[in-house]
Amino acid sequence: MAIESDVLVVGGGLAGVASAVVAAREGVDVRLLAHKKSTLRQASGLIDGLGYVPPRTPLEKHADYVSQQRRDFREVRDKRGDYLGPLQTPYEGIDTLPDDHPYSILGADALRDGLALFDDLVGDTYLGSHTERNALVPTFGGTVKPTARYPRAAAAGLASDERPMLLVGFRSLTEFDAGMVADQLAAAGVPFDVRGVEVSFAESFPTDTKITRFVKAFDHDERIKGIPVRRALAEVVKPYVDDAKRVGFPAVLGDDNAASVRTDLGDRLGADIFEIPMGPPSIPGLRLEDRLFETLDAEGVRLETGVPAVGYEKDGDTVESVIVDRMGSEVPYAADTVVLATGGLVGKGLDSDREGVREPIFGCHVPYPEDRYDWFVDDAFGDQPYARFGVHPDASMRPLDADGEPEFANLFAAGSVVGGADVAREKSASGVSLATGVVAGRNAAIESRKRIERVEASS
Amino acid sequence: MSEKHRADEADRRRRTTDGVASETVNPEQPDAVEVFPEGEFDLRPGADDCYKCTTCETSCPVAAVDKSFPGPKFQGPEQWRLKRKDEIEIDPSISECSNCLRCDTSCPSGVNLAQMHNTARGEYVDNQLSTFSIKYVRNRILANYRTSARLASMFPRTANFVMNFKPVRWAMEKILHVPSERDFPEFATQTFREWWSERGGAQVTNPDKQVAYFHGCYANYNTTEVAKAMVRLYEYFGYEILVPPQKCSGTPMFANGMLDDARRHAETNVENLAAVIEDGADVIASCTSCSMALRNEYPELFDIDGIETLAKNTFDALEYLRIHEDLHGAIQDASVSGEFAEEFAYHAPCHSRNQGLDRQAIELFRDLDGVQIEDVGDSCSGISGTYGWKEEKYEKSMKIGAEMFEHMEAAEGTTGMTECPTCGMQMEHGTGYDVHHPLEVLEAAFVD
């Protein structure tokens, strides 16, 4: 016996969720396997489409790059192949991307479909769908990120808004330096006054208090030394508000009750409240993860987490089942079609050592330069070839072998396991996941239905 | 013809120990140099693999309610590294860890946080906790629940009266720091093993489908109805059930740092269970902390002959049926009426999550006529076995459980469901709902 489903999605990130929902909506039986906690909790919670594109002129070869050891960092940065942007819309730069970029393979409509699916899944908890233009959201590093969709909690912080801004950090929360963020934003030339202030708040919290502790305290308006925490915060911030019309905090303002935390603080301070997305652990990412996993349930997707896929069984050019390691016992999960959405080098959907780069479950072909010294350039933030490593798919998102033929007739790929995009520099990670997820999920469902019909016809 | 492909284990291992280039290894002496001599287990890979992504911290239910708990990343990799240079003692905060093991499951880098925490806790108890302290005595009694349960089950009615008798509980709180708020679990008037031998053991003989049942302490002394349901369900599916001699799985002992006690019990379990596996049976458990211990903690903490075999051949009872029977198909033709035709508010225990079992009850019962089921979310119940049975942890345990209580109350049903006996206690304690095990519902669906 094997555990059976029509479509089996391997991976619980944005791409896996998107493909599972799309397939389920096509009316087939879908199961999603996630090995670990979704990578969404390490992401900012911002949904970017495309913010920057590589220059039209080919990048300098890595031999021409200056080494960081030899030159001043700023010089390295200046010589770096400049990306163009921020783009006004995520669609305008697509035709300038390299041919093997997922957007080039799938076209702008896949991104539109992906974002439309996202809008549908998150409802009114996210904004940005009213326009095709990129929103400019301040980050906790003091940069401004072009992004297609943003959580409602970040709305009042947009850099296109001209109202004066106050940023507030907590002394006991060392991850967020409000003064630095304000200075960086001012230096970047934002069209508003911005000040940063650090307040003593929840001083009984030691400096290594986990962010989740703050979240819980805000969520339930817990009392610290007898005073409800929201009121306590409003009281210490109040003297600094002055003429600021919006006040930004690190993204720790509650979880289930985040909206009421912001309203409550806003009423007390007489300003709009917003959150600045943080690095890991990311509360906006956690909230999004919760939201998306709820929708999986609502769409009838069967869900299993905590078990890794470690291999497969095939018959000719067809994957028959994925072998799942259930605490040391290998159990086959049979499916008509499979979506590979296991992530990239960080998510471990791709694996590498000195000898090579590989996709570890199915051994799909991953193109990479033979000489390991061509995998990277010296400039750490430069145009790193390894950032584009991944499987190379056809237009239906089937991974191709070295000869350009599909590896399997019923295997599709989505998300960061797909190569061709430098999502960190392009600001395209979410968009690539959504676009590839939608196409892979749709085709996996169609192919699965074909196979079911074939079996029914022959019996 | 199908072909099987498996990511090469040796290849994987080679990659995780990258950094030692193969050509530098002397073929005469293939063992790598021991840079940091350790005890029985080398925890260095756990420390080296941590890239500080903080996923474990967002998964930690204790850190979310306790501002001074430094979190799983500290308890594991960071503390291990700190201790390399000097004689630094284990930070006492290790005893605030509830052993839910959510950190272990969540780590994307495969750091064995469970192993690191268990080892640290064992070291703390061995070297820093006086065996004369009340805390030690209390923890030892709690950890060795099997011993007290065995005594109590000799006089179950008396025990049930005494254990919930107010003056006794007052004295227990004052002397042993066992919170008087909690209701002591009721002891069955006949243990499962007594019932088993009274009915004459297995009613089905089938040398091709044999399972050995690890019932653990709770289903033997307290919730015997779960164990009996499991027996009747498996016999319905044609399995021959063996009930080998066994002791405590060790979970409460790991959680209290009593590793010597745990090893003693593990030795008995491994010996008896490995023997039946040798004869062709698989091992199944109805308590998810028991199956977790046999599969995960045993090989991580002990080196006992047969321990790997046991780990590889142990399954959760529901999981095993899903793998080997067309349970999904059978469920679609079945229905439940009577006592178990309920709307259930289901809570997945942390230790079922760790084994990838947290959604199986939802998946199965969604398609079962007569039964409604709703997942009350992924929060921890907070009791964590013996954790919530300590006076100084009681409040924290209830704070962690608050989210689950809220979600249970928001759910349609007013009957609880879970696989873990202590989660069940907490669910009942926080909401007043009756709580059942999925196996009881399955029995109602298939067995008359």
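Model, not experiment: these values are computed from the prediction.

Undergrad: For this particular structure, what's the right way to read helix H10 (residues 166-176) of chain B?
TA: Owing to its 3.6 residues per turn, the α-helix brings residues three or four apart onto one side. All names here are of chain B. Among the residues of H10, Arg169, Met172 and Glu173 are the ones counted as buried. The buried side chains of H10 occupy one side of the element, clustering within an arc of 95 degrees when seen end-on. Exposed side chains of H10 directed beyond 90 degrees from the buried face belong to Trp170 and Ile175.

Undergrad: Where do I start with the sheet that holds strand E11 (residues 246-250) of chain A in this structure?
TA: Consider a sheet: its strands pair through backbone hydrogen bonds, and that pairing is either parallel or antiparallel. All names here are of chain A. Spatial strand order, E8-E7-E11-E12: four strands in an open sheet with parallel pairing. Edge positions in the sheet fall to strand E8 (194-199) and strand E12 (272-276), since each has one partner strand and no second. Strand-to-strand twist of the sheet, defined as the mean angle between neighbouring strand axes without regard to direction, takes the value 25 degrees. Relative to E12, E11 runs parallel, the two being bridged by five bridges. Looking across to E12, one finds that Arg246 is bridged to Asp272.

Undergrad: How do you make sense of the packing of helix H4 (residues 72-85) of chain B against helix H6 (residues 113-128) of chain B when you look at a structure like this?
TA: Packed helices, taken two at a time, are described by the angle between their axes plus the distance between the axes. All names here are of chain B. Two elements in contact, H4 and H6, have axes separated by 9 Å at closest approach and are oriented at 65 degrees. Considered as vectors, H4 and H6 are oriented roughly perpendicular to each other. Between H4 and H6 lies a crossing of left-handed hand. Residues Pro72, Gln75, Gly76, Pro77, Gln79, Trp80 and Lys83 of H4 form the contact with H6, whose participating residues are Leu113, Met116, His117, Ala120 and Glu123. In terms of residue class, the contact of H4 with H6 is built from six nonpolar, four polar and two charged.

Undergrad: How do you make sense of the domain arrangement of chain B when you look at a structure like this?
TA: For interface size, the figure often reported is the accessible area lost on association. Residue and element names in this part refer to chain B. Domain annotation for chain B reports domain 1 (55-127), domain 2 (134-176), domain 3 (192-324) and domain 4 (327-446). A separation of 27 Å is found between the C-alpha centroids of domain 1 and domain 4. Contacts between domain 1 and domain 4 engage 13 residues on the former and 13 residues on the latter. Scanning the region where domain 1 abuts domain 4 turns up three salt bridges. One salt bridge connects Lys396 with Glu96, and the closest N-O pair in it is separated by 2.4 Å. Class assignment of the residues belonging to the side of domain 1 that touches domain 4 gives a composition of six nonpolar, four polar and three charged.

Undergrad: In this structure, what is going on with the interface of chain A and chain B? I would like to understand it.
TA: Between chain A and chain B, the residue contacts involve 55 residues of the former and 62 residues of the latter. Summed over both sides, the interface between chain A and chain B buries roughly 4900 Å², with carbon and sulfur atoms accounting for 46% of that surface. Our count for the contact surface shared by chain A and chain B stands at 10 salt bridges. The interface formed by chain A and chain B holds 21 residue pairs in polar contact (both at pLDDT 80 or more) in total. Of all the elements in the fold, those that place two or more residues in the side of chain A that touches chain B are helix H6 (211-219), helix H9 (283-298), strand E13 (302-305), strand E14 (309-315), strand E15 (318-326), strand E16 (329-340) and strand E17 (351-352) of chain A. Looking at the side of chain A that touches chain B, the element that brings in the most residues is E14 of chain A, giving six residues. Across the side of chain A that touches chain B, the residue classes break down as 17 nonpolar, 12 polar and 26 charged. In the sheet, E14 of chain A pairs with strand E1 (residues 3-6) of chain B via four bridges, with the strands oriented antiparallel. Within E1 of chain B, the position partnered with Lys314 of chain A by the bridge is Glu3 of chain B.

Reading guide: rules and limits
- Residues numbered from 1 in each chain as written.
- Chains lettered and ligands numbered in written order.
- Predicted model: local features only at pLDDT ≥ 70, side-chain atom pairs only at ≥ 80, totals over all residues.
- Heavy atoms only, no water.
- Buried < 20%, exposed > 50% of the residue type's maximum accessible area, 1.4 Å probe, protein only.
- Helix = DSSP H or I, 4+ residues; strand = E, 2+ residues; numbered from the N terminus.
- Arc of directions from axis to C-beta.
- Pairing = 2+ DSSP bridges.
- Axes fitted to C-alpha atoms, helices over the stretch in contact; angles between N-to-C directions.
- Parallel < 35°, antiparallel > 145°, perpendicular 65-115°, else oblique.
- Left-handed = near helix turned anticlockwise from the far one by under 90°.
- Contact = heavy atoms within 4.5 Å.
- Nonpolar A, V, L, I, M, F, W, Y, C, P; charged D, E, K, R; others polar.
- Domains from an automatic or database assignment.
- Salt bridge = Lys/Arg side-chain N within 4 Å of Asp/Glu carboxyl O.
- Buried area = accessible area lost by both parts, 1.4 Å probe.
- Polar contact = N/O pair within 3.5 Å; in protein donor to acceptor, adjacent residues only side chain to side chain.

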